[in-house]
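One-letter residues, chain by chain:
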Amino acid sequence: MGQSSSARLKRMSSMIELINELWYLKRDLVSDDYDRALYRLAQEVDGRMRIHEYPTGEPCWTWRVPEKWTCQEAYLETLDGRRLIDVANHPLHVVSYSIPFEGIVSRQALLEHLHVHPHLRQAIPFVFKYYQRDWGLCTTQELRETLSEQNYRVVIRTSFEPGLLKVGEVVIPGESEESFALVAHLCHPAMVNDDLSGVVVGLEVARALLAGAKPHYTYRLLILPETIGSVAYLSHNEALIPNMAGGLFLEMLGNDSPHALQGSFQPGSQADRCLTTALRGLDTQGYTAPYRTVINNDERQFNAPGVRVPMLSISRVERRDSPTWPYPEYHSSLDTPAIISAERLEASKQLVLGLLQAWENNQYAVNNFKGEIFCSGYGIWVDYRLNPEGHRRLFEIMERCDGEHTIADIASELEIPFQAVQEITHTLNEKGLVRYSREPHSTRPARMQSK
Ligand SMILES: [Zn+2]
């Protein structure tokens, strides 16, 4: 008793504090620093995080868990020993999962293995070759342009060894076993917006859900290494998949762009209808776009054949036709705490909680009435001369309260915010005219079979 109350008193770190503490770790897919970050995050949910482990080589549907990768040393020198690039100065100077290499190489051979950012001259790019088995270093365009000697010395000391891929799972049990998944990836060494920002927002949302009243749905936050982490988890928890009614991938939530809500592979799903219409009522700057048109992440694994969980994604990214899509510092050494703010993270957290609130409230509106409601008699009539729009809306919503439409279905059909529909159904519910149901409950009279 004393222990649990003191645990409750323990001050948790803020999202920004966690980012400042963890961002510079070398969080490669299977690595010591990835594990450090995950265990640190687990402390923030007071023993509620379960950590799943998948050993190197473990089959995960068509994939296998990769080796643990460690870089002991990596640098580039002139032949007279002048060090030009050194991973000790920044973790991104080596390609993630680079094979070891040591030798004298010609300038030409070096340039084939030396990666720079396509448009940021002073940034070191994030390059990964998880499954290609190649060596490589990364640097700035500025440094590459100074390379004028015939030959250079390259040293890359890395090791591949059996390890454990780790997935953190926080479950918030609901009344129902039907669940909703929140997913963010913790991999990506020394970067912030992609996707430590999504991880800390997800964790804060989980903490808010744990502190609140028991929800209807069960919620499941998954913190994992991108792609392989999702495949490992799903392939080892297949029994959970039929109960996953929807999901939301969280990424890039700290920078200044407006929220982009990307639909799932099943745009007609309740998750899609509910979240896209709820966004309209929560964030007028936000926009929605179809599956795979904003940005691709772990939601692909949930939406894929044989899984088909309708998972949307929320991120702050520029429009796809922008030259700096998804944001200027993407996959580079400039993706640091300097490009994000506590205010943006907080706004994203509130938005996600608002979307989940709509998801909780999304039910079938079942009519207790027949015919058109005598609105004046119930004190709900809207004068069309004073408010023609409100008058029309009221009738459009009422005629869809038939036990076959959810609130999200109605909002979707009328192209209005979820909350606007909910306001009307709430009034009708208070008047005893409408009841809510988690299941469809058609009130059409049965027709005689025609002979
Ligand atoms: Zn990324």
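In what follows, the accompanying structure is described. (Residues numbered from 1 in each chain as written. Predicted model: local features only at pLDDT ≥ 70, side-chain atom pairs only at ≥ 80, totals over all residues. Heavy atoms only, no water.)

Bringing the sheet that holds strand β6 (residues 101-106) into the picture now. Here four strands make up an open sheet; going across it, the order is β5-β4-β9-β6 and the pairing antiparallel. Across the chains shown, the open sheet's two edge strands, defined by having one partner strand only, are β5 (83-86) and β6. Taking the axes of each pair of neighbouring strands and ignoring which way they run, one obtains an average angle of 15 degrees across the sheet. Here strand β4 (residues 68-78) pairs with strand β9 (residues 151-161) via 10 bridges, running antiparallel. Paired with T70 across the two strands is S159, which belongs to β9. (Pairing = 2+ DSSP bridges. Helix = DSSP H or I, 4+ residues; strand = E, 2+ residues; numbered from the N terminus. Axes fitted to C-alpha atoms, helices over the stretch in contact; angles between N-to-C directions.)

Time to look at the coordination of the zinc ion. Here the zinc ion is held by the protein donor atoms H188 (NE2), D194 (OD) and H331 (NE2), which lie 2.1 Å from it. We note that the donor set of the zinc ion lies within a single chain, spaced as H-x5-D-x136-H. Of this pair, H188 sits in the loop between β11 (179-185) and α6 (196-211) while H331 sits in the loop between β16 (311-316) and α10 (342-361); the two residues are 143 residues apart in sequence, bridging distant segments of the chain. The class for H188 is buried, based on a relative accessible area of 1%. A relative accessible area of 14% places H331 in the buried class. (Donors = N, O, S within 2.8 Å, 3.2 Å for Na, K, Ca; no water. Buried < 20%, exposed > 50% of the residue type's maximum accessible area, 1.4 Å probe, protein only.)

Attention shifts here to the environment of I407. Relative to the assigned elements, I407 resides in helix α13 (residues 407-414). The exposure class assigned to I407 is buried, which follows from its relative accessible area of 0%. Once the C-alpha coordinates of I407 and V65 are considered, the two residues, 342 residues apart in sequence, prove to be 42 Å apart. Once residues within four sequence positions are removed from consideration, I407 is found in contact with N361, N362, Q363, F418, V421, Q422, T425 and Y436. (Contact = heavy atoms within 4.5 Å.)

Look at helix α2 (residues 15-22) against α10: their axes get within 9 Å of each other, and the N-to-C directions meet at 120 degrees. With respect to α10, the axis of α2 lies oblique. Every residue of α10 that contacts α2 at M15, I16 and I19 is listed here: A342, L345, E346 and K349. Tallied by class, the residues present in the contact of α2 with α10 amount to five nonpolar, no polar and two charged. (Parallel < 35°, antiparallel > 145°, perpendicular 65-115°, else oblique. Nonpolar A, V, L, I, M, F, W, Y, C, P; charged D, E, K, R; others polar.)

The interhelical angle for the contact between α2 and α6, taken along N-to-C directions, is 140 degrees, at an axis separation of 10 Å. In terms of orientation, α2 lies oblique with respect to α6. Here α2 runs over α6; the crossing is right-handed. On the side of α2, the interface is formed by M15, L18, I19 and L22, while α6 contributes L196, S197, V200, V201, L203 and E204. Taken together, the residues of the contact of α2 with α6 break down into eight nonpolar, one polar and one charged. (Left-handed = near helix turned anticlockwise from the far one by under 90°.)

Relative to β5, β4 runs antiparallel, the two sharing three bridges. What sits directly across from L76, in β5, is I85. Here β4 folds back onto β5 in antiparallel fashion, the turn holding four residues, of which G81 has a positive phi close to 90 degrees.

Let us look at the packing of aromatic side chains. Within the structure shown, the criterion is met by 15 aromatic pairs. Ring centres of Y97 and Y130 lie 5.5 Å apart, and the angle between their planes is 90 degrees; on these two criteria the pair is classed as edge-to-face. Note that Y97 is positioned in the loop between β5 and β6 and Y130 in the loop between β7 (114-115) and β8 (137-138), a separation of 33 residues in sequence. Here Y97 matches Y130 in class, with each residue buried. Ring geometry for F126 versus F128: centroids 5.1 Å apart, planes at 45 degrees, classification tilted. Relative accessible area serves as the criterion here: at 6%, F126 is assigned to the buried category. For F128, a relative accessible area of 35% gives the class partly exposed. Here the aromatic cluster, defined as three or more aromatic residues joined through ring pairs, consists of W63, W69, Y97, F126, F128, Y130, Y131 and F160. The ring of Y75 carries R83 above its face, with NZ or CZ at 3.5 Å from the centroid. The ring centre of Y384 lies 5.2 Å from the NZ or CZ of R385, which sits over that ring. (Phe/Tyr/Trp six-rings, centres within 6.5 Å; stacked < 30°, edge-to-face > 60°. Lys NZ or Arg CZ within 6 Å of the ring centre and 35° of its normal.)

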